[in-house]
Amino acid sequence: MGRLTTHVLDLALGRPASGMAIELWSAGDTPQFLVRTVTNADGRVDAPLLEGAAMVPGLYELRFAARSYFRSVGTAIAEPFLDVIPIRFGISDASAHLHVPLLLSPYGYSTYRGS
């Protein structure tokens, strides 16, 4: 059974990004909202974003609420550089475990396909 998970690490603070809002959207011809969640104390989501029958091949987009997160942790920037960080990706194997982490700082980010 396949599943999609994520986590966020705040590289500037050197700790998990707790309390960050994340949305998952289908990213086909007509984008559709699927789920909204918030990272826990470990910077992870408490449950898979997609799992089982909901895990179907296609294009998806994770939207990470960076601006709100930076404001909530008191990052000393008058106007945060990053707002919502979209990560668009494809699922080709519905039985795979797909992990999409976000490594974040106030001025940049990176991601990769984790396991």
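Everything discussed here concerns the structure shown above.
Novice: Hey, could you go over the nonpolar core for me, with residue numbers and the actual values?
Specialist: Ranked by internal contacts, the top residues of the largest apolar core, which has 25 residues, are Leu4, Phe64, Phe89 and Leu104. Broken down by secondary-structure element, the contributors of at least two residues to this core are strand S4 (21-26), strand S7 (58-65), helix H1 (66-72), strand S8 (84-91) and strand S10 (102-105). Of the residues forming this core, the biggest block, four residues, is contributed by S8. Among all residues touching Phe64, those that are not within four sequence positions of it are Thr6, Val8, Met20, Ala21, Ile22, Asp83, Val84, Ile85, Ile87, Val100 and Leu102.

Novice: Can you tell me about the sheet that holds strand S1 (residues 3-5), naming the residues and giving the values?
Specialist: Ordered by their spatial adjacency, three strands build an open sheet running S6-S1-S9, and the pairing between neighbours is mixed. This sheet does not close on itself; its edge strands, each paired only once, are strand S6 (50-51) and strand S9 (97-99). Here S1 pairs with S9 via three bridges, running parallel. From the neighbouring strand, Leu4 faces S9, where its bridge partner is Leu98.

Novice: Quick one: what's the story with the sheet that holds strand S3 (residues 15-16), residue by residue and with numbers?
Specialist: Taken in spatial order, the four strands make up an open sheet running S3-S2-S10-S11, and their pairing is mixed. Every other strand in the sheet has two partners, leaving S3 and strand S11 (108-111) as the edge strands with one partner each. For S10 and S11, the ladder comprises four bridges, and the chain directions are antiparallel. If you follow Leu104 over to S11, its bridge partner there is Tyr109.

Novice: Before we move on, can you summarise the layout of surface pockets with the specific residues and values?
Specialist: By volume, the largest pocket amounts to about 170 Å³. As for the largest pocket, its lining consists of 13 residues, and the residues nearest its centre are Phe89, Gly90, Ile91, Leu98 and Arg113. A class-by-class count of the residues in the lining of the largest pocket yields eight nonpolar, three polar and two charged.

What counts as what
Residues numbered from 1 in each chain as written. Predicted model: local features only at pLDDT ≥ 70, side-chain atom pairs only at ≥ 80, totals over all residues. Heavy atoms only, no water. Core = buried A, V, L, I, M, F, W, Y, C linked by side-chain atoms within 4.5 Å. Buried < 20%, exposed > 50% of the residue type's maximum accessible area, 1.4 Å probe, protein only. Helix = DSSP H or I, 4+ residues; strand = E, 2+ residues; numbered from the N terminus. Contact = heavy atoms within 4.5 Å. Pairing = 2+ DSSP bridges. 1 Å grid on protein atoms, 1.4 Å probe; cavity = no way out; pocket = protein on both sides within 12 Å on 5 of 7 lines; lining within 4 Å. Points joined across faces, edges and corners; volume = space filled by probe spheres on them. Nonpolar A, V, L, I, M, F, W, Y, C, P; charged D, E, K, R; others polar.

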